[in-house]
Amino acid sequence: MTKTLEKAKTSQDVHHNFIGGEWVKSESGKTFKSLSPANNEIVVGQFADSNAADVKKAVDAAEKAFPEWKKTPAPERAEILFKAAHLLEERKEEIARNMTIEMGKVFKEAKGDVQEAIDMAKYAAGEGRRMWGQTVPSELRNKFAMSIRQPMGVVGVITPWNFPVAIPSWKMLPALVSGNTIVFKPAPETPFVAMQFVQILQEAGLPKGVVNFVTGGGPEVGMPIVEDPRVRAISITGSSVTGRKVAGRCGELMKKISCELGGKNAICLMDDGDVDLAIDGALWGGFGTSGQRCTATSRVIVHKKQYQNFIDGFLARAKALKIGDGLDTTVDVGPVVSKKQLEMINGYVKVGKDEKAKLLLGGEIMTEGDLAKGCFHQPTIFGECNAKMRIAQEEIFGPVVAVIPVDSFQEAIEVANGTEYGLSLSMYTRDVNRAFSAIEEFESGIVYINAPTIGAEIQLPFGGIKQTGNGHREAGITGIEQFTEWKSVYVDYSGTLQRAQIDNYGG
Ligand code: UN1
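Note that this is a predicted model, so its numbers are computed, not measured.

## Notes on the site of the ligand
Neighbouring the ligand are the residues Glu116, Asn162, Phe163, Ile167, Trp170, Arg293, Cys294, Thr295, Ile454, Gly455, Ala456 and Phe462. Between the ligand and alanine 456, the relevant distance is 2.7 Å, taken from an oxygen atom to a main-chain nitrogen or oxygen of the residue. Surface burial for the ligand is 99%, taken as the share of its 320 Å² of free accessible area covered by protein chains. If you map the ligand onto the pockets, it falls in the second largest pocket. In terms of residue class, the shell around the ligand is built from 7 nonpolar, 3 polar and 2 charged.

Right, here's the structure in full:
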C-alpha cells in the first residue's frame, strides 16, 4: 500500500531501496532527509543514501529478471501497465497531496503530474499491442524482409524533482512495455513520491527485479549506474551540466543515452496577437510550478506596439497571485523546491539588476511569518531586457520572467532562437501566415501557437534541439525508440543462394 503524509507533521520513517522485489537497507547504512519545501522543519522521511554496492545489487537483480521479462509477450506486459494506470487513478489525490508536501507544486498541478503518468501508462500499455516493426519488399524473389524491435536489457533511469511522477513514467513505462528491466534513481529531493510510483508498479504485478529503486546522490548512485557495463541504455532528465557529463561518459562506453536538459523558452506576442490571451499564457507558463519546468516561459518577447499594454496587464495579474503552501487551494504559486534553488534563483535577480534590466515586480525571497520556514520566492518580472542579458539567456528554473521588446516578427523569431537551448517556443498572432512561418522557423522541439510554452501532452514526442538534448524524444511514438533495438531480418525461402545487389544487376 502507498502511504499518505500528514500535513505539517514530521515523519520518523526510514525508507529503503527496492531491489529484486524486496525493500532492502543500503550497504552504506546512511540515510538522507527529504524536507518539505513549504516548511523545511517538516521531514517527509529518511531515505537510503546509497552507494555503488547498492547499484551493483540492483543491476544484478535487473539482469536476473531480464530473460523472463523479455520472453513475456508485450500485450501481457501491457496488462500490468493498465493495472498501474487504474491504481494511479484510484490514488491520484493521495499521491498528489504527498507530491505537494514533498515537492511544493500546488495541489491542482500535482494532480496534473499524476494524470500525466496515468496518460502515459495507458498510452504505453497500448503500445504492447503495436510495437511496430516494418515489412518491406526484398529486391530478390522468394525472400522476405522485415524489422522487429527488441528490448535492450537493463536500462538506467535518472529523473529530476520537478515532475516527480510524470517524468519517471515517461521513461519507465515505455521501457517496461518494450521488455527492459530498470534501475531507477529518483532525485534526492523527491524520493517519497517516486517510491510510491514504484510501489504502484509492484502492486500492479511487476515480477521481482523488473524495476529496482535506488535512492541517493548523482556521483554515488547515478554514475555507478552509468558505469556498470551491464546497463545498456541511460535515460536522464536534469541539468545541462549533469547531462553533458553523463552523455560524455556514455559516449565513451558506447551506451545509448537520451538526455532532456535545460530550456530558455519564450512566448512571442506580435502586434496582431491577443494581448489578454498572451498575459494568461505568460502567467501560467512563467509562474506555474513556480517556474520550475524545463518548458517554463522564462522570456516574453513582445512587439513594441503591444509592449505597454502587455506589461500593464501582466504586472497587475502577477501582483494578484497568491503565494503560499500548495495544499491551500486558494494559493496560485507554491514554494520552490529547496533553499539551494531559492538562493540560485535569487542570485539571478541580482544578475538582472546588475545588468540594468528593469525590475518591475518581486525580486525577493519571502520571509514574512511562516513563509520564512519554507522556500518562497516572489514572482519576479524584469522589463526592457536585452536579448543578450544573462537573465534572457540562462535557465533560471524559478518564477522569474524577462520581457524583451522587439520591432518586428523577424526580430522576434531571431531573439526566440537566439539562445543555446531549443525546447519550447510559442507565437501569439492572429495571422495564419505568421503562425506557419513561426512553426517553420522556430529552433525548438516543441512549438505552440496562441498557447504558452508549457502543457505538452504525452501522445506527441517531447524534447528539444541544440543544448536541450541529444536528439532523442520521449513520449509519443518516439518514446519506445530509446529503449528498443532494431533487428533487421531476412528470410530466404528460394532454396538457392541469392546475392543482393548482384543477381538483379548484371553482376
Ligand atoms: C518538464 O518541465 O520537465 O509540458 C516537463 C509540460 C509538462 C511537462 C514538463 N507536461 O509543461
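## Topic: the sheet that holds strand S1 (residues 14-15)
One open sheet accounts for 3 strands, arranged S1-S5-S4; its pairing is mixed. The open sheet has two edge strands with one neighbour each: S1 and strand S4 (31-36). Here 2 bridges tie S1 to strand S5 (residues 39-48), and the two strands are oriented parallel to one another. What sits directly across from valine 14, in S5, is glutamine 46. In the packing of helix H6 (residues 191-204) onto the sheet, contacts are made with S1, S4 and S5, and the angle to S5 comes to roughly 45°.

## What to know about unusual backbone geometry
In the Ramachandran plot, methionine 131 falls in the positive-phi region, its phi being about 45° despite a non-glycine side chain. Turning to its location among the elements, methionine 131 is positioned in the loop between helix H4 (107-127) and strand S6 (134-137). Located in the positive-phi region is asparagine 450, a residue other than glycine, with phi close to 55°. Looking at the element boundaries, asparagine 450 is found in the loop between strand S20 (446-449) and strand S21 (465-466). Under the relative-accessibility criterion, asparagine 450 is labelled partly exposed at 33%.

## Concerning the packing of aromatic side chains
Taken as a whole and assessed by the stated rule, the structure comprises 8 aromatic pairs. On the basis of an interplanar angle of 70° and a centroid distance of 6.2 Å, the ring pair of tryptophan 23 and phenylalanine 213 is categorised as edge-to-face. Of the two residues, tryptophan 23 sits in strand S3 (residues 22-24) while phenylalanine 213 sits in strand S10 (residues 211-213), which places them 190 residues apart along the sequence. The class of tryptophan 23 is partly exposed, set by a relative accessible area of 31%.

## As for empty space enclosed by the protein
In total, this model carries 3 cavities of 30 Å³ or more according to the counting rule given. The computed volume of the largest cavity comes to approximately 70 Å³. Gly291, Arg293, Ala296, Ser298 and Phe397 are the residues nearest the centre of the largest cavity, which is lined by 15 residues in total. A breakdown of the residues in the lining of the largest cavity according to their chemical character gives 5 nonpolar, 7 polar and 3 charged. What lines the second largest cavity is Met120, Tyr123, Ala124, Glu127, Pro174, Val177, Ala475, Gly476, Gly479 and Ile480.

Rules used in this analysis
- Residues numbered from 1 in each chain as written.
- Predicted model: local features only at pLDDT ≥ 70, side-chain atom pairs only at ≥ 80, totals over all residues.
- Heavy atoms only, no water.
- Near = heavy atom within 4 Å.
- Polar contact = N/O pair within 3.5 Å; in protein donor to acceptor, adjacent residues only side chain to side chain.
- Areas by Shrake-Rupley, 256 points an atom, 1.4 Å probe, with all protein chains shown as cover.
- 1 Å grid on protein atoms, 1.4 Å probe; cavity = no way out; pocket = protein on both sides within 12 Å on 5 of 7 lines; lining within 4 Å.
- Sits in = over half its atoms within 2 Å of the grid points.
- Nonpolar A, V, L, I, M, F, W, Y, C, P; charged D, E, K, R; others polar.
- Pairing = 2+ DSSP bridges.
- Helix = DSSP H or I, 4+ residues; strand = E, 2+ residues; numbered from the N terminus.
- Contact = heavy atoms within 4.5 Å.
- Axes fitted to C-alpha atoms, helices over the stretch in contact; angles between N-to-C directions.
- Buried < 20%, exposed > 50% of the residue type's maximum accessible area, 1.4 Å probe, protein only.
- Phe/Tyr/Trp six-rings, centres within 6.5 Å; stacked < 30°, edge-to-face > 60°.
- Points joined across faces, edges and corners; volume = space filled by probe spheres on them.

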